[in-house]
Amino acid sequence: MELLIILLTAYIIGSIPSALWVGKLFYKKDIREYGSGNLGGTNTFRVLGKTAGFIVTILDILKGTVAVLLPLLPFFSSTTVNPLILGFAAVIGHMYPVFAKFKGGKAVATSGGVLLGYNWPIFIVVLLTFFIVLKLSKMVSFTSLAVAVVAVIYTTFHYIRTDDIYLLVTVVTFALFIFYRHRANISRIKAGTEPKITWL
């Protein structure tokens, strides 16, 4: 029962629709009605501006981090579950949030948050990769895909050193999620019609 409760808690944390709530509370806008309609940081930047975009991105990252760290709470201290499984539940919640009719974000920020909570050096690598590629390409979608590939490559070498198969499987799964959730973006990138940012 405790395992079910902690998994459900991780999913609910992931389900918190940061972009939707920030938009409605502070900007009186339902972000789903503007831009791409996506409940993620990129659409928040586009519709609500840089301040809201950074806030939502940070909140989405923290969802993954908090989920991974749940076993540190006294209530869950006796639960024997790999924290990456909790991170996985949070990412599922982010993509399919119960609080937003199961239509959520594209898994990038919350996946990064899972890495931050579980193995922060890998998070630093993907974060630096994100800003470098974004600076060069000006496309968040392309950058997200590139970061997913880099994360898989880096984690593969990490696995060779540590035998942490759980982390490797998790990162590969997150990368597949990211590519799947960016299907439309990939088509636009190929067609040369993908929007570019102007704030970096």
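You'll find the structure just up there.
Fair warning: this is a prediction, and the values are worked out from it, not measured in the lab.

Chemist: Honestly, the side chain of Thr-65 in this entry has me stumped. Any pointers?
Modeler: You can see Thr-65 is positioned in helix α4 (residues 50-68). Sequence-distant contacts of Thr-65, that is, excluding residues within four places in its chain, are made with Gly-113, Val-114, Leu-116 and Gly-117.

Chemist: What is the right way to look at the environment of Thr-110 in this model?
Modeler: With respect to the helices and strands, Thr-110 occurs in helix α6 (residues 108-118). When the C-alpha atoms of Thr-110 and Lys-63 are compared, they prove to be 6.1 Å apart, with 47 residues separating the residues in sequence. With near-sequence residues (within four places) excluded, Thr-110 lies in contact with Asp-60, Lys-63, Gly-64, Ala-90, Val-91 and His-94.

Chemist: In this structure, what is going on with unusual backbone geometry? I would like to understand it.
Modeler: In most cases, non-glycine residues show a negative phi, while peptide bonds are predominantly trans. One non-glycine residue, Lys-28, lies in positive phi territory at about 55°. Residue Lys-28 is classed as exposed on the basis of its relative accessible area of 69%. A positive phi angle, close to 55°, is found at Lys-101, a residue other than glycine. Note that Lys-101 resides in the loop between α5 (83-95) and α6.

Chemist: So what exactly am I meant to see when it comes to the packing of helix α8 (residues 140-162) against helix α9 (residues 165-181) here?
Modeler: Geometry of a packed helix pair, given as the angle between the helix axes and the separation of the axes. It is at 9 Å that the axes of α8 and α9 come closest, and there the two elements cross at 165°. By the angle class used here, α8 and α9 are roughly antiparallel. For the pair α8 and α9, the crossing hand works out as left-handed. Here α8 contributes Ser-144, Leu-145, Ala-148, Val-149, Ala-151, Val-152, Thr-155, Thr-156, His-158 and Tyr-159 to the contact with α9, which in turn contributes Ile-165, Leu-167, Leu-168, Val-171, Val-172, Ala-175, Ile-178 and Phe-179.

Chemist: I would appreciate a short explanation of the packing of α5 against α9 in the present structure.
Modeler: At a minimum axis distance of 10 Å, the contact between α5 and α9 shows a crossing angle of 10°. With respect to α9, the axis of α5 lies roughly parallel. Here Leu-84, Gly-87, Phe-88, Val-91, Ile-92 and Met-95 of α5 come into contact with α9, specifically with Tyr-166, Leu-167, Thr-170, Thr-173, Phe-174, Phe-177 and Arg-181. Its residues placed into classes, the contact of α5 with α9 shows 9 nonpolar, 3 polar and 1 charged.

Definitions and limits used
- Residues numbered from 1 in each chain as written.
- Predicted model: local features only at pLDDT ≥ 70, side-chain atom pairs only at ≥ 80, totals over all residues.
- Heavy atoms only, no water.
- Helix = DSSP H or I, 4+ residues; strand = E, 2+ residues; numbered from the N terminus.
- Contact = heavy atoms within 4.5 Å.
- Buried < 20%, exposed > 50% of the residue type's maximum accessible area, 1.4 Å probe, protein only.
- Axes fitted to C-alpha atoms, helices over the stretch in contact; angles between N-to-C directions.
- Parallel < 35°, antiparallel > 145°, perpendicular 65-115°, else oblique.
- Left-handed = near helix turned anticlockwise from the far one by under 90°.
- Nonpolar A, V, L, I, M, F, W, Y, C, P; charged D, E, K, R; others polar.

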